[in-house]
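So the chains spell out like this:
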Amino acid sequence: SGPYKEIWNSFVGYTSAKSNQLVPAYTWSGNVAIAGKINNGKDPWSDMSTRDLNEFSSQMPGSDIWIKGKTMAEREHEAGLLSVVDNDYTVTRTAQNSTSAGASLPELEAAMGIVSDVRTSFAEGSARFQYLAPDARACSVDISNQSAQGTAWRRVKDSGGDRARRVVISGLNAGDHQYRILCYYDQNGPWFSFPSDRTNLLTHGTIPRQ
């Protein structure tokens, strides 16, 4: 009872009024599963075999998609994880995985206000920036000579619109430069909330007249 019950109910589950038990507030369905390693008493652990995969999958909901393959690496590839060795977990559509399961990472990054795919270069006194903005609103790029130690910044605003942006800042002195890319981010309801923080987190709203 009390605030702890409210926090739990708003986050990962709900409490049953009849049994006073904690009940999950989610449905397990349509997951993509990749069989990994298994403890066979040796170090390092070995890849799960097809037999292991079949045994585990038989105990899980039938709506899950278990990726087939002889090794963990082969199963990752068949699931569309083509560059795991480079810590790139972007999922590509494959014959075994239509990518319908899980979150869309590009959409998730955009919803969180994350600037991605940032590329920079410097030549002939000009700094060039390419990046993917979270939405259509304009962003700003600040730049400062390294010798200024972040005390003097020059700001250039991009044109907004398409999320793919290009900014060129010319007339710069030789040497290293610091930069920062600033894009607006709404913390707006109802989705933006942390159950453990009961204060107002909204950064975009209206103040009514008195």
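What you are looking at is a predicted structure, and each value in this text was computed from that prediction instead of being measured.

**Q** Would you take a moment to explain the overall build of the protein for this structure?
**A** Of the regular secondary structure elements, the protein holds four helices and 14 strands. Within the protein, buried positions represent 24% of all 210 residues. The long-range share in the protein, meaning contacts at least 24 apart out of those at least 6 apart in sequence, stands at 48%. In the structure as shown, the protein presents an accessible area of about 15100 Å², 52% of it carried by carbon and sulfur atoms.

**Q** What is the right way to look at the layout of surface pockets in this model?
**A** Quantified by volume, the largest pocket comes out at close to 450 Å³. Along the wall of the largest pocket there are 17 residues; nearest its centre are Tyr89, Thr90, Val91, Ala103 and Leu105. Elements with a contribution of two residues or more to the lining of the largest pocket: β8 (88-91) and α4 (105-111). Of the residues assigned to the lining of the largest pocket, the class counts are 10 nonpolar, six polar and one charged.

**Q** Can you walk me through the environment of Gly69 in this structure?
**A** Along the chain, the position of Gly69 falls in the loop between β6 (65-66) and α3 (72-78). Accessibility expressed as a relative area gives 12% for Gly69, which makes it buried. Spatially, the C-alpha atom of Gly69 lies 9.0 Å from that of Ala35, the residues being 34 residues apart in sequence. Leave out the neighbours within four places in its chain, and Gly69 touches Thr50, Glu74 and Arg75.

**Q** Help me understand the sheet that holds strand β10 (residues 126-132) in this model?
**A** In sheet architecture, strand pairing relies on hydrogen bonds along the backbone and comes in two forms, parallel and antiparallel. A sheet is described by the order of its strands in space; here three strands give the open sequence β9-β10-β13, paired in antiparallel fashion. For this open sheet the edge positions go to β9 (116-123) and β13 (164-169), each flanked by a neighbour on one side alone. Going from strand to strand, the sheet's axes swing by 10° on average, the running direction of each strand aside. Pairing of β9 with β10, which is carried by six bridges, proceeds in the antiparallel orientation. Its bridge partner being in β10, Phe122 is matched across the sheet by Ala127.

**Q** How should I be thinking about a nonpolar patch on the surface in this particular structure?
**A** A contiguous nonpolar patch, built from Leu105, Leu108, Met112 and Ile114 and spanning about 330 Å² of accessible area, is present on the exposed surface. Here Leu108 shows up in helix α4.

**Q** Sorry, what's going on with the state of the cysteines here?
**A** Here, disulfide denotes a covalent bond that connects the sulfur atoms of two cysteines. With the rule as written, the count across this model stands at one disulfide. Two residues, Cys139 and Cys183, share a disulfide whose sulfurs are 2.1 Å apart. Around the S-S axis, the bridge from Cys139 to Cys183 shows a dihedral of about 110° and counts as right-handed. Here Cys139, found in strand β11 (residues 139-145), pairs with Cys183, found in strand β14 (residues 177-183); they are 44 residues apart in sequence, far enough to count as distant.

The rules we used
- Residues numbered from 1 in each chain as written.
- Predicted model: local features only at pLDDT ≥ 70, side-chain atom pairs only at ≥ 80, totals over all residues.
- Heavy atoms only, no water.
- Helix = DSSP H or I, 4+ residues; strand = E, 2+ residues; numbered from the N terminus.
- Buried < 20%, exposed > 50% of the residue type's maximum accessible area, 1.4 Å probe, protein only.
- Contact = heavy atoms within 4.5 Å.
- Areas by Shrake-Rupley, 256 points an atom, 1.4 Å probe, with all protein chains shown as cover.
- 1 Å grid on protein atoms, 1.4 Å probe; cavity = no way out; pocket = protein on both sides within 12 Å on 5 of 7 lines; lining within 4 Å.
- Points joined across faces, edges and corners; volume = space filled by probe spheres on them.
- Nonpolar A, V, L, I, M, F, W, Y, C, P; charged D, E, K, R; others polar.
- Pairing = 2+ DSSP bridges.
- Axes fitted to C-alpha atoms, helices over the stretch in contact; angles between N-to-C directions.
- Patch = residues over 30% accessible without salt bridge, like charges linked within 9 Å, V, L, I, M, F, W, Y side chains within 5 Å.
- Salt bridge = Lys/Arg side-chain N within 4 Å of Asp/Glu carboxyl O.
- Disulfide = S-S within 2.5 Å.

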